[in-house]
Amino acid sequence: QSCGTYFQKIQVKTEGLLRFPQTNSDRVVKEIQTFWERDQLFAEYKLTHKRGIILWGPPGSGKSSTIQLIMKDVIERAGVVIKFGHPALFTEGMRIFREIEPRTPAVILMEDIDSTLEIHNESEVLNILDGVDQIERICFLATTNYPEKLGARILNRPSRFDKRFKIGHPNAESRRLYFEHIIGNGGNIAQKVRELNIDLDCWVKDTEGFSIAHLKELFVAVSFLCDD
């Protein structure tokens, strides 16, 4: 049986995602969309069409939802998302991929990059981020719950990660939008609120500092399980 580097397709659900306006999550999505659309400018000025972004914030703050929105966008552009694992395997895999698909947009997902740098040789990871192999049309998207663990070689080198965005807990507008989405379930939100006897204004006010996961649990506990 032959062996070697190969790609395995993973099905990811990207339907029904919420995009919260006027948030860092929304800004990240917009910035990456603009990045894909500026490929001719990068070529004109002979710059590598590459971008690096770090998403940081507490667990449950919405980093995964932001990633899903970015994934949805790049897939709609006929692009791909590749999960970063071992540096050497990634380098070999991208070499093969670019031989076959030289112009396909690619998001490289580096979840929990602080753990990745602890496990693997940091210099290998930095060489990849520096574009030693001149990989074009690529966006490195990293996440971390612990930005303090990342050294200056990661945080203070725009050529590696150009921007850092804090994805915090949803603000009042975003909490209301999420509640309306989950309560309405595609129907009449006002009718659903009355049927479930929900004081939506009170829920929005009293959930300051809640994560998306906590907002969902509140809805389930109170509306389904009658938990006071």
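Preceding block: the structure.
Keep in mind that what you see is a predicted model, and the values were worked out from it rather than measured.

## Remarks on the overall build of the chain
Then step 1. The number of helices and strands found in the chain is 11 helices and 5 strands.
Then step 2. Dimensions of the chain along its principal axes, counting C-alpha atoms only, are 60 × 45 × 35 Å.
Then step 3. Split into buried and exposed, the 228 residues of the chain put 39% on the buried side.
Then step 4. For the chain, contacts bridging at least 24 residues in sequence account for 80% of all contacts bridging at least 6.
Then step 5. Just so you have it, the chain exposes about 13,300 Å², and 51% of that area is on carbon and sulfur atoms.

## Some points on a nonpolar patch on the surface
Then step 1. A contiguous nonpolar surface patch, about 340 Å² in accessible area, is contributed by Leu41, Tyr45 and Leu47.
Then step 2. Positionally, Leu41 belongs in helix H2 (residues 39-44).

## Details of the packing of aromatic side chains
Then step 1. By the definition in use, this model includes 8 aromatic pairs.
Then step 2. Taken together, a centroid distance of 5.6 Å and an interplanar angle of 85° make the contact between Phe35 and Phe42 edge-to-face.
Then step 3. Their ring planes at 65° and their centres at 5.2 Å tell us that Phe219 and Phe224 sit as a pair that is edge-to-face.
Then step 4. What makes Phe219 buried here is its relative accessible area of 6%.
Then step 5. Pairwise contacts between aromatic rings join Phe35, Trp36 and Phe42 into one cluster.
Then step 6. Over the ring of Tyr146 we find Lys149, and its NZ or CZ is 4.6 Å from the ring centre.

## Quick notes on the pattern of salt bridges
Then step 1. Per the stated rule, a full pass over the model turns up 18 salt bridges.
Then step 2. With a closest N to O distance of 3.3 Å, Arg77 and Glu37 form a salt bridge. Taken together, the residues span a long stretch of sequence, with Arg77 in the loop between helix H3 (63-76) and strand S2 (80-83) and Glu37 in helix H1 (residues 24-37) at a distance of 40 residues.
Then step 3. Classification of Arg77 by relative accessible area gives partly exposed; the value is 28%.
Then step 4. Judged by its relative accessible area of 48%, Glu37 is partly exposed.
Then step 5. Put simply, Asp39 and Arg137 hold a salt bridge, and the shortest N to O gap is 3.2 Å. You can see Asp39 sitting in helix H2 and its partner Arg137 sitting in the loop between helix H6 (122-129) and strand S4 (138-144), a full 98 residues away along the chain.
Then step 6. Overall, the relative accessible area of 18% leaves Asp39 in the buried class.
Then step 7. The exposure class of Arg137 is buried, given its relative accessible area of 10%.
Then step 8. It is possible to trace a salt-bridge network through shared partners that takes in Glu31, Arg51, Asp162 and Lys163.

## Quick notes on the environment of Phe161
Then step 1. Residue position: Phe161 is located in the loop between helix H7 (152-155) and strand S5 (163-166).
Then step 2. For Phe161, a relative accessible area of 2% puts it in the buried group.
Then step 3. Discounting chain neighbours no more than four positions away, the residues touching Phe161 are Gly52, Ile53, Ile54, Met110, Ile113, Leu129, Phe140, Ala142 and Ile154.

## Considerations on the side chain of Thr143
Then step 1. Relative to the helices and strands, Thr143 resides in strand S4.
Then step 2. Taking the relative accessible area as the measure of exposure, Thr143 reaches 5% and is therefore buried.
Then step 3. Those residues in contact with Thr143 that sit more than four places away from it in its chain are Leu55, Lys63, Ile67, Met110, Glu111, Asp112, Ile113 and Asp114.

## Here we look at unusual backbone geometry
Then step 1. Residues other than glycine seldom take positive phi values, yet Ala78 does so here, at roughly 65°.
Then step 2. Mapped onto the elements of the fold, Ala78 is located in the loop between H3 and S2.
Then step 3. On the basis of relative accessibility, which here comes to 58%, the residue Ala78 falls in the exposed class.
Then step 4. Positive phi, close to 50°, is recorded for Asp112, a residue that is not glycine.
Then step 5. Of note, Asp112 is situated in the loop between strand S3 (106-110) and helix H5 (113-119).
Then step 6. With relative accessibility at 37%, the residue Asp112 sits in the partly exposed group.

Calculation notes
Residues numbered from 1 in each chain as written. Predicted model: local features only at pLDDT ≥ 70, side-chain atom pairs only at ≥ 80, totals over all residues. Heavy atoms only, no water. Helix = DSSP H or I, 4+ residues; strand = E, 2+ residues; numbered from the N terminus. Buried < 20%, exposed > 50% of the residue type's maximum accessible area, 1.4 Å probe, protein only. Contact = heavy atoms within 4.5 Å. Areas by Shrake-Rupley, 256 points an atom, 1.4 Å probe, with all protein chains shown as cover. Patch = residues over 30% accessible without salt bridge, like charges linked within 9 Å, V, L, I, M, F, W, Y side chains within 5 Å. Salt bridge = Lys/Arg side-chain N within 4 Å of Asp/Glu carboxyl O. Phe/Tyr/Trp six-rings, centres within 6.5 Å; stacked < 30°, edge-to-face > 60°. Lys NZ or Arg CZ within 6 Å of the ring centre and 35° of its normal.

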